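Examining the three-dimensional arrangement
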Amino acid sequence: MAAVIERRVSGRVGLWVLIVLFGLFCAFPFLFATITMFKQNTDVYTRPNGNQLIFTKAPTLSNLTLLFHHTQYGTFVVNNVVIGVCVVAITLALSLPAAYSLARAAGWWAEKVGIGVFVVYLVPPTLLFLPLSQLVTRFGLQDSIWSLVVVYPSFTVPLSTWLLMGFFKSIPREIEEQAQVDGYSRLGAVVRAVLPLALPGIFTVVVFTFTLTMQDFIYALSFVSSSSNMTVSVGVPTNLIRGDVFYWQALMASAIVVAVPVALLYNLFLDKFIQGFTMGAVKG
Amino acid sequence: MSVLDEVAARPTEERRRRRYLFDRERVLGPALLLPAVLYLVAVVGYPLVLAILYAFSDVTTGSQTLHLVGWSTFRSAIDDPVFGTALRNSFLFTAISQACVVVLSTVLAFVLTQDFRGKWFFRFLVLLPWTTPVALSAVIWLWMLDSIFSPFNWLLVKLHVLSPGGHVVWLGGEHLAISSVIALQTWRILPLATVIVMAGLSSIPQDIRDATEVDGARFWRRTFQIDLPLLAPVILVAVLFGIVFTFADMAVIFILTGGAPGNGTQVLASWAFYKGINGGNLAVGAADAVFMFPVLLALAAIVLRFARRSEVG
């Protein structure tokens, strides 16, 4: 009995050691960045090899003021929001019908196309950005956020279609059959009976599509050249570090301001994401 | 089961209606699918074909027409001394970082399936490296690895590894720069792999695990004899994703080292950018990028085979 309790306790201790180690490994850069963003200049730059994790001067919000009022960071954020909203709209318009079709179709082709759509997600942007930059120029979209609005669905549509397919498969066919018995057309039945049930899934896809558009680096770097059209991902490393004489505190703030809300959203929707991701692989 | 019985028990008239619906589905299905497929062909399929054509052409950013020149573009891409380094680094970075990710993500997934206080917060911390746009987390690392103000330098001085006032230039020497890049890639991919393994872990039927508990199987035995063999396919999927995202990544190199020292940390993807966009030589850039294609094709083939096998099971 004592041996069992001892094993339980040592297991518990081992678990907490792992939790602390993994927590530090994953989050230390963010802890360091968060501390830095509230520091005064003299607290950061006058202590080489000093302990940068403690405050020797009072914390300050002036770095955030600097970031939002004296740099184009605000513009970058607005660009990201406009791009995100447009890409979400395009993605839903394309992947909702496609996913429904794949979830309900019975033919052998449906499964093949479903897997095919998923494989498209594995085609990396670094293979496509050179021809796409030429195409973007040919269509007169160079150096504009609209080039990104057109190109980002190339990776949001495959993932969203796969996820939505999973959510649709979990809704029984009888739902739309019953609605048709009640006098709706097939499409009417889908819109009135199926979509409301798929709403949590659709919401998950909206969140992931929006955050996915913030992850891109290479397309925004290749297509956009003027700072007023840049996204956060490209504007911060190319424009803020190299452009002005700049302070690390504001740079850290620029990363934390985006990183924390996005991670909170992911955490909130993670279980739904896993659910959709694995259900897409289950035969309907 | 009850649903199937219900369908079977329906009157024939309804079954006929169902068949009618099925006929319409043959039209409706493809019609709903078509817009998405056409869009993907336009923004993924067509550029993919163009990328391969570019590699056999002499196209530059100023060109209006595509003029095929055969293998000479590939030859000039390979003759560049940086190419060999980039090719080696692409494989090196991917192999080492993903080997670390496999081990760490499996352990972390087990940790995350345990119950403990503050798990929600822990999960939030663990997700951060993946959810943060890679360009921004690379900026954080750039500061964290600063040669003068790095907290690691402070720690090394405290541990008497470094003399007071000593510095480690984390991104300066080739070996340190390469190690830093690998560390960042491992850190960044770990949460994604963990989430995928976790999904697999939660799909292992609880009664299988319970049965081994009754047998008196201890934690390690259960882990190695029950969980890991069942998890192997899911871990494979996690690795495939990790490889694709690491092998084809250029943002980490671009921001953390810019390819420096010299071009010692270039990878195929970043080198394709420097040649194609910065240098304006689209053809040679595309040729560099196309070298990633066989690897990615092989990965896609494995994914497909895996998908087909799970379909049988």
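Computed from a predicted model, the values in this text were never measured in an experiment.

Thresholds applied
- Residues numbered from 1 in each chain as written.
- Chains lettered and ligands numbered in written order.
- Predicted model: local features only at pLDDT ≥ 70, side-chain atom pairs only at ≥ 80, totals over all residues.
- Helix = DSSP H or I, 4+ residues; strand = E, 2+ residues; numbered from the N terminus.
- Contact = placed C-beta atoms within 7 Å.
- Rg over C-alpha atoms; globule rule 2.2 N^0.38 Å.
- Buried ≥ 20, exposed ≤ 12 C-beta atoms within 10 Å, placed from the backbone.
- Nonpolar A, V, L, I, M, F, W, Y, C, P; charged D, E, K, R; others polar.
- Core = buried A, V, L, I, M, F, W, Y, C linked by C-beta atoms within 7 Å.
- Domains from an automatic or database assignment.
- Axes fitted to C-alpha atoms, helices over the stretch in contact; angles between N-to-C directions.
- Left-handed = near helix turned anticlockwise from the far one by under 90°.
- pLDDT = per-residue confidence, 0-100.
- Parallel < 35°, antiparallel > 145°, perpendicular 65-115°, else oblique.

**Here we look at the overall build of chain B**
- Along chain B, the regular secondary structure elements total 14 helices and 0 strands.
- Mapped in sequence order, the helices and strands of chain B form the string α-α-α-α-α-α-α-α-α-α-α-α-α-α.
- Taking contacts inside chain B between residues at least 6 apart in sequence as the whole, the part at least 24 apart equals 69%.

**Details of the overall build of chain A**
- Per the secondary structure count, chain A includes 13 helices and 0 strands.
- Computed over C-alpha atoms, the radius of gyration of chain A comes to 24 Å, more than 25% over the 19 Å expected from 2.2 N^0.38 for 284 residues, which places it beyond the range of a compact globule.
- Oriented by its inertia axes, the alpha-carbon framework of chain A measures out at about 75 × 75 × 35 Å.
- Counting all 284 residues of chain A, 46% fall into the buried class.
- Summarising the internal contacts of chain A: among those between residues at least 6 apart in sequence, 75% fall at separations of at least 24.

**Description of the interface of chain A and chain B**
- Listed by partner, the interface residues are 82 residues for chain A and 79 residues for chain B.
- When residues of the side of chain A that touches chain B are assigned to their parent elements, the largest contribution, 15 residues, is made by helix 13 (residues 248-279) of chain A.
- Residues of the side of chain A that touches chain B, tallied by class, amount to 59 nonpolar, 20 polar and 3 charged.

**Describing the nonpolar core**
Residues and elements named next belong to chain B.
- Formed by 173 residues in total, the largest nonpolar core has its most connected members in Ala 138 and Val 139.
- Each of domain 1 (1-54) and domain 2 (69-312) contributes no fewer than three residues to this core.
- If sequence neighbours within four positions are ignored, Ala 138 has contacts with Leu 184, Ala 251, Val 252, Ile 255 and Leu 256.

**Describing the environment of A:Tyr247**
All names here are of chain A.
- Mapped onto the elements of the fold, Tyr 247 is located in the loop between helix 12 (232-240) and helix 13.
- On the basis of neighbour counts, which here come to 20 C-beta atoms within 10 Å, the residue Tyr 247 falls in the buried class.
- When the C-alpha positions of Tyr 247 and Thr 91 are compared, they lie 38 Å apart, and in sequence the two are 156 residues distant.
- In this structure, Tyr 247 is in contact with Asn 41 and Asn 63, ignoring residues within four places of it in sequence.

**Considerations on the packing of helix 13 of chain A against helix 5 (residues 119-131) of chain B**
- At a closest axis distance of 9 Å, the pairing of helix 13 of chain A and helix 5 of chain B adopts a crossing angle of 115 degrees. Judged by the twist between their axes, the crossing of helix 13 of chain A over helix 5 of chain B is right-handed. Across the interface between the two elements, A:Ala259, A:Val262, A:Ala263, A:Leu264, A:Tyr266 and A:Asn267 from helix 13 of chain A touch B:Arg123, B:Phe124, B:Leu127, B:Leu128 and B:Thr131 from helix 5 of chain B.
- A breakdown of the residues in the contact of helix 13 of chain A with helix 5 of chain B according to their chemical character gives 8 nonpolar, 2 polar and 1 charged.

**A word on the confidence of the model for chain A**
- Per-residue confidence for chain A averages 88 on the pLDDT scale, and 93% of its residues sit at or above 70.
- The least confident element of chain A, judged by mean pLDDT, is helix 5 (residues 108-120) of chain A at 82; the most confident is helix 7 (residues 145-151) of chain A at 96.

**As for helix 13 (residues 282-290) of chain B**
- Across the 9 residues of helix 13 of chain B, 9 count as buried, placing the element largely inside the fold.
- Those residues of helix 13 of chain B not exposed but buried are B:Leu282, B:Ala283, B:Val284, B:Gly285, B:Ala286, B:Ala287, B:Asp288, B:Ala289 and B:Val290.

**A short note on the packing of helix 4 (residues 73-104) of chain A against helix 8 (residues 153-169) of chain A**
All names here are of chain A.
- It is the contact of helix 4 with helix 8, at a shortest axis distance of 8 Å, that shows an interaxial angle of 45 degrees. Between helix 4 and helix 8, the angle is such that the two are oblique. As helix 4 packs across helix 8, the resulting crossing turns out to be right-handed. From helix 4, Val 87, Ile 90, Thr 91, Leu 94, Ser 95, Leu 96, Ala 98, Ala 99, Tyr 100, Leu 102 and Ala 103 reach across to helix 8, where they touch Pro 153, Thr 156, Val 157, Ser 160, Thr 161, Leu 164, Met 165, Phe 168 and Lys 169.

**Considering unusual backbone geometry**
Residues and elements named next belong to chain B.
- Between Ala 260 and Pro 261 the backbone carries a cis peptide bond, its omega angle lying at 0 degrees.
- Counting through the fold element by element, Pro 261 comes out in the loop between helix 11 (251-256) and helix 12 (268-278).
- The phi torsion at His 160 lies on the positive side, around 65 degrees, for a residue other than glycine.
- Overall, the presence of 8 C-beta atoms within 10 Å leaves His 160 in the exposed class.

**A short note on the environment of B:Gly200**
Residues and elements named next belong to chain B.
- Relative to the helices and strands, Gly 200 resides in helix 8 (residues 174-202).
- Residue class for Gly 200 comes out buried when judged on the 22 C-beta atoms lying within 10 Å of it.
- Placed 38 residues apart in sequence, Gly 200 and Ala 238 show a C-alpha to C-alpha distance of 10.0 Å.
- Residue contacts for Gly 200: discarding those within four places in its chain leaves Leu 231 and Val 234.

**Describing the confidence of the model for chain B**
All names here are of chain B.
- Looking at chain B as a whole, the pLDDT averages 84, with 86% of positions reaching at least 70.
- This model gives residues 7-11 a pLDDT under 50, and the stretch forms 1 contact once residues within four places in sequence are excluded.
- Interface confidence for the predicted complex, given as ipTM, is 0.90, next to a pTM of 0.88.

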